[in-house]
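# Breakdown of the fold
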Amino acid sequence: MELNARVPAGPLADKWERHQFDLKLVNPANKRKFTVIVVGSGLAGASAAASMSELGYNVQCFCFQDSPRRAHSIAAQGGINAAKNYQNDGDSVWRLFYDTIKGGDFRAREANVYRLAEISVRIIDQCVAQGVPFAREYGGFLANRSFGGAQVSRTFYARGQTGQQLLLGAYQALEKEVQRGGVLMNSRSEMLDIVTVDGRARGIVTRDLVTGEIESHAADAVVLATGGYGNVFYLSTNARGCNVTASWRAHRRGALFANPCFTQIHPTCIPVSGDYQSKLTLMSESLRNDGRVWVPKVAGDQRSPDSIPEPERDYYLERKYPSFGNLAPRDIASRAAKEVCDEGRGVGPGGRGVYLDFAASIARLGEPKIAERYGNLFDMYQRITDENPYKVPMRIYPAVHYTMGGLWVDYNLMSTVPGLHVLGEANFSDHGANRLGASALMQGLADGYFVIPLTIGDYLANAKLAPVGTDHPEFKRVEAEVNTRIGTLLGSKGRRTADSFHRELGKIMWEKCGMARSASGLKEALARIPELRAEFWSDVKVPGTGAALNQSLEQAGRVADFLELGELMCRDALEREESCGGHFRVEHQTDDGEAKRDDSRFCYAAGWEWAGEGAPQRLNKEPLAFENVTLSARSYK
Amino acid sequence: MQITLRVWRQAGPTTAGSMVSYDVTGVSPEMSFLEMLDVLNERLINEGKLPIAFDHDCREGICGTCGLMINGVAHGPAKATTTCQLHMRSFRNGDVITVEPWRAAAFPVLADLVVDRRALDRIIASGGFISANTGGAPDGNAIPVAKPDSDSAMDAAACIGCGACVAACPNGSASLFTAAKVTHLGFLPQGQAERYRRALSMVQQMDIEHFGSCTLYGECMEACPKEISIDTITRMNGDFLRATAQPPVKEAASAGI
């Protein structure tokens, strides 16, 4: 399959402007004749649903949570980037574009990233107008901070709850449209499959999570904004409900899955405390602005942190990356933490932790200033660990946080299934092999507020769709497949819970396809995962029925899809014989242990194509052409 | 640690429920309350029984999905803490812990500890927003907001919509939830155009949803995991009074779409 990204011609800075003119429009009076399904109600989904409804489209929005406001965007803490240059520190659209391309280790599409940087400024304006309470200076103007690997202050924030406030803005816009009658909201409704008619996405099949009813919904186009797949690792910073099912079902219906091995391990999370652990909690990396990361110089040093004198501490990020220091990008900071722990210098129970120490900042700025900046994070840390971070250094360790890979989309955010569009973390387009801090919120909202409302019109105006209802045989066929699958899960009557399989898969993924990957480890995982999947289908135990609220059944369906995705991630990681961004192959590193990219062989996005049950997916390549930036080694030293 | 749980079990929205006791052993003080329930559920499934249904998602205290009455207290004994952030170190070996769903007329039980809170969404839909369609916004710095106002707006905006205030209120009122949104938007210059109309619509919607009236008990503020102040209710009442004192707004016929 040829992957045509349909990037508009012309100079980089003019592409989007010109493309907006070239996009076909749907007459205002005709928009209400089109129905668009939006799956997911996070930043991307809610903003898309609200904005398309405002334009006049009929929107049906679905989420599995009890309310659209619960989507996991809500947990983003740190902030959102925008090239406003309010601080007069030399920021620009070009600089944000360049930082994002470089941060992604030159594995993202130039044109998409430039558009993202361009749109970033309008997002802030839109959110302010909606009443998002961004932090302010005393003069009443918006405050900024520097964040995760940026040397300018371009991050807008609302205390440590930026994602929450942005999501509530989008959610309120969504509810406004629900009230007006433009959006029909379906909560506690999980998409279990996508329906294509004549090769085009024409609807979805869902399960009502309260009644268990399997329902079909027809539309003229489908938009997936269903988030990332970090929970394939079982333990991650994702909410427990985050899953890959919507994306994976779309993949099985023909949407290519791009760069699945590009996952982000976030350096600042609270370490694991026991086997019962159900999730990992992120401590915003904004903490690295004022916290210093260190471990003892000598392996096995069991002294309490306050009794280890300065000369016996290794501030390893400051030592290895003098210009970025504690603010080194996420992938680099995470690997560095793993290295010192592998050397036996980790701290805390189990030795998988490093200190994040605020003593110097508290001495310099005073405790009240630190409390103003990070109070809620410190409180959260204390609630979880029972330790006071004002007195004792925090202990942190990397955890899976974000997935850069996702369904392949073209410049219009359309997947390889015509009519199926993918937004936000669910697509692969903007972050390459590593995402910079404060860029996820930016991308979700750029896609939802400003890209899809325009590009969907172009699709609908060109598609010449025949009317299709849920009585179409394709809907009946897919419904039957969904019912069969649920029946199989409930009927297997095995011995193990879905959770126990999930934990086992997660352990394999973390060890073999986590922060450091080797060909031998990946091959072991590729041998083990299909076995585990077979065991799952023969030995899973799902209590209850399909005709009522059944959380075990929901979980089992999601684990089944993770068991397929995990294998594809390992194949992708094995295929990509280079190190780039969050993908670190131990065979490909420089003498001092940094990632070694291979632009001659791997300067492409890998798009994996479903080839049928039991057959390995086919690899398609979208070559990445860099016309405006020079590929360089990514150095933060 | 070993504890005994008394849990509300209810098969579905229309079936009768009852309290059922479970002994839970091997509880670690470092576990969260929900992780303790996970451990129990894993055991129940292995014993061929139905696990306890409960709502949860982010497990870091921000999404507002979880919420249990623990020993009669919304979100349990720890101050300013959601159920998912409550840890077992708050309990002692041998404790008997009673776990119930949110209890309120406007939150019907769907199963076990899961309730339907869509009434809160409908309150937001009735006016808890600023009508700013995508695209027409001026530059972010074109609307300066005094820092104290911005901070007050943020204090109120921190509401996670969990419904603990409703569950804790002897009247089953959603006043703290509604007032938090009225206050958040009412403190901002962007929110002024719809300020009084917003308060009016949202208060009316509360009544339609069968939430009780507010008599300023203050239980809501005690239960709120985000420590939203009851002062917000005073503000809401002020805005509501002013709205009702004004002549009814004549709605212009909407043009276009």
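Residues numbered from 1 in each chain as written. Chains lettered and ligands numbered in written order. Predicted model: local features only at pLDDT ≥ 70, side-chain atom pairs only at ≥ 80, totals over all residues.

## Points about the overall build of chain B
Heads up, the rule is: For the purposes of this entry, the term helix denotes a DSSP run of H or I that reaches at least four residues, the term strand denotes a run of E that reaches at least two, and both are numbered from the N terminus. With C-beta atoms placed from the backbone, a residue counts as buried when 20 or more other C-beta atoms lie within 10 Å of its own, as exposed when 12 or fewer do, and as partly exposed for counts between those limits. Two residues qualify as being in contact provided that their C-beta atoms, derived from the backbone, are within 7 Å of each other.
Helices and strands together make up the secondary structure of chain B, namely eight helices and seven strands. If one aligns the C-alpha atoms of chain B with their principal axes, the spans along those axes are about 60 × 40 × 35 Å. Residues classed as buried in chain B amount to 52% of the 257 residues present. Once local pairs closer than 6 in sequence are excluded, the contacts in chain B between residues at least 24 apart make up 70%.

## Re the overall build of chain A
Selection rule: The globule rule used for comparison is 2.2 Å times the number of residues to the exponent 0.38, while the radius of gyration itself is calculated over C-alpha atoms.
Each helix and strand counted, chain A has 17 helices and 19 strands in total. Taken over C-alpha atoms, the radius of gyration comes to 24 Å for chain A, in line with the 26 Å a tight globule of 637 residues would show. Residue burial in chain A is summarised as follows: out of 637 residues, 59% are buried. Expressed as a percentage of contacts within chain A between residues at least 6 apart in sequence, the contacts between residues at least 24 apart total 73%.

## Looking at the domain arrangement of chain A
Residues and elements named next belong to chain A. Note the following rule: The split into domains, and so the bounds of each, comes from an automatic or database assignment of domains. Gly counts as polar in this scheme, as do all residues outside two lists: the nonpolar Ala, Val, Leu, Ile, Met, Phe, Trp, Tyr, Cys and Pro, and the charged Asp, Glu, Lys and Arg.
The domain architecture assigned to chain A consists of domain 1 (265-400) and domain 2 (473-611). Relative placement of domain 1 and domain 2: their C-alpha centres are 30 Å apart. Tallying the contact residues gives six residues for domain 1 and six residues for domain 2. With four residues, helix H9 (residues 330-342) is the single largest residue contributor to the side of domain 1 that touches domain 2. The residue inventory of the side of domain 1 that touches domain 2, partitioned by class, reads two nonpolar, one polar and three charged.

## Some details on the domain arrangement of chain B
All names here are of chain B. Along its sequence, chain B is organised into domain 1 (3-111) and domain 2 (117-245). Residue-level contacts link 17 residues of domain 1 with 18 residues of domain 2. Of the residues in the side of domain 1 that touches domain 2, the class split is 10 nonpolar, six polar and one charged.

## As for unusual backbone geometry
Residues and elements named next belong to chain A. The phi angle at Asn259 is positive, at roughly 45 degrees, despite the residue not being glycine. Relative to the helices and strands, Asn259 resides in the loop between strand E10 (257-258) and strand E11 (263-269). Classification of Asn259 as buried rests on a count of 31 C-beta atoms within 10 Å. Its identity is not glycine, yet Leu413 carries a phi of approximately 70 degrees, on the positive side. Here Leu413 shows up in the loop between strand E16 (406-407) and strand E17 (420-422). Looking at Leu413, the number of C-beta atoms within 10 Å reads 27, which means it is buried.

## Quick look at helix H4 (residues 93-103) of chain A
Residue and element names in this part refer to chain A. With eight of its 11 residues buried, H4 lies for the most part within the structure. Every buried residue belonging to H4 is among Val93, Leu96, Phe97, Asp99, Thr100, Ile101, Lys102 and Gly103, and all of these are buried. On its buried side, H4 packs onto strand E3 (80-81) and helix H5 (110-130).

## Some points on the interface of chain A and chain B
On the chain B side, the residues contacting the 66 residues of chain A number 67 residues. For the side of chain A that touches chain B, the secondary-structure elements that each account for two or more residues are helix H3 (43-55), H5, helix H6 (162-180), helix H11 (367-385), helix H12 (440-463) and helix H16 (551-575) of chain A. Here the side of chain A that touches chain B takes nine residues from H6 of chain A, the largest share from any one element. Considered class by class, the residues forming the side of chain A that touches chain B number 24 nonpolar, 25 polar and 17 charged.

## Details of the pairing of strand E1 (residues 3-9) of chain B
Residue and element names in this part refer to chain B. Short version of the rule: In short, DSSP must find at least two bridges between two strands for them to pair.
Sheet topology note: the E1/strand E2 (residues 18-24) ladder contains seven bridges and is antiparallel. Considered in E2, the bridge of Leu5 is made with Tyr22. Relative to strand E5 (residues 96-100), E1 is paired through four bridges, and the arrangement is parallel. Each residue of the ladder has a partner; that of Thr4, found in E5, is Val96.

## A look at the sheet that holds strand E6 (residues 189-197) of chain A
Residues and elements named next belong to chain A. How we decide: A fitted line through C-alpha atoms serves as each axis, taken over the contacting stretch for helices, and the angle formed by two N-to-C directions is quoted from 0 to 180°.
The sheet built from three strands is open, its strands ordered E6-E7-E8 with antiparallel pairing. The sheet is open, and its two edges are formed by E6 and strand E8 (214-218), each paired on a single side. Looking at each pair of strands side by side, their axes are set apart by 25 degrees on average, direction ignored. Where E6 meets strand E7 (residues 200-208), eight bridges bridge the pair, whose relative direction is antiparallel. The partner of Val195 across the bridge, within E7, is Gly203.

## Side note on the sheet that holds E5 of chain B
Pairing in this open sheet of five strands is mixed, and the strands run E2-E1-E5-E3-E4 (chain B) from one edge to the other. Because the sheet does not close on itself, it has two edges, and the strands there are E2 and strand E4 (73-74) of chain B.

## A short note on the packing of helix H5 (residues 175-186) of chain B against helix H8 (residues 231-245) of chain B
Helix-helix packing is characterised by the crossing angle of the two axes and by the distance between the axes. Residues and elements named next belong to chain B. Using the following cut-off: For classification, angles of less than 35 degrees are called roughly parallel, those exceeding 145 degrees roughly antiparallel, those between 65 and 115 degrees roughly perpendicular, and all remaining angles oblique.
Put simply, H5 and H8 touch, their axes get as near as 8 Å, and they point 75 degrees apart. By the angle between their directions, the pair H5 and H8 is classed as roughly perpendicular. Of H8, the residues touching H5 (which contributes Ser175, Leu176, Thr178, Ala179, Ala180, Val182, Thr183 and Gly186) are Thr232, Ile233, Arg235, Met236 and Asp239. Taken together, the residues that form the contact of H5 with H8 break down as six nonpolar, five polar and two charged.

## With respect to helix H13 (residues 473-491) of chain A
All names here are of chain A. The following threshold applies: Each residue after the first adds 1.5 Å to the expected span of a helix. Here, the arc refers to the directions that run from the helix axis to the C-beta atoms.
End to end, H13 covers 26 Å across 19 residues, agreeing with the expected 27 Å (1.5 Å per residue, within 8%). All buried positions along H13 are accounted for by Phe475, Val478, Val482, Ile486 and Leu489. One side of H13 holds all its buried residues, which, seen down the axis, span an arc of 75 degrees. Away from the buried face of H13 by more than 90 degrees, exposed residues Pro473, Arg477, Ala480, Thr484, Gly487 and Gly491 are located. Residues of H13 that are buried make contact with E6, E7, E8 and H16. One or two positions beyond H13, positive phi appears at Lys493, with a value near 50 degrees.

## Notes on the pairing of strand E18 (residues 604-609) of chain A
Residues and elements named next belong to chain A. By the bridge criterion, two bridges tie E10 to E18 in an arrangement that is antiparallel. Residue Phe257 lies in a different strand from E18, and its bridge partner there is Trp608. Alignment of E18 against strand E19 (residues 618-623), held across six bridges, turns out to be antiparallel. The residue bridging Ala606 from the neighbouring strand is Lys621, located in E19.

## Some thoughts on the environment of Pro616 of chain A
All names here are of chain A. Position of Pro616 relative to the elements: it lies in the loop between E18 and E19. Look at Pro616 and you get exposed, because 11 C-beta atoms sit within 10 Å. When the C-alpha positions of Pro616 and Val26 are compared, they lie 40 Å apart, and in sequence the two are 590 residues distant.

## Quick look at the packing of H3 of chain A against H12 of chain A
Residue and element names in this part refer to chain A. Basically, it comes down to this: Two helices cross in a left-handed way if the nearer one is turned anticlockwise from the farther one by less than a right angle. They cross in a right-handed way if the turn is clockwise.
Running from N to C, H3 and H12 point in directions that differ by 30 degrees, and their axes come no closer than 8 Å. One way to sum up the angle between H3 and H12 is to call them roughly parallel. Where H3 crosses over H12, the two elements pack in a sense that is right-handed. Every residue of H12 that contacts H3 at Leu43, Ala44, Gly45, Ser47, Ala48, Ser51, Met52 and Leu55 is listed here: Leu441, Gly444, Leu445, Asp447, Gly448, Tyr449, Ile452, Pro453 and Ile456. Among the residues making up the contact of H3 with H12, the classes are represented as 11 nonpolar, five polar and one charged.

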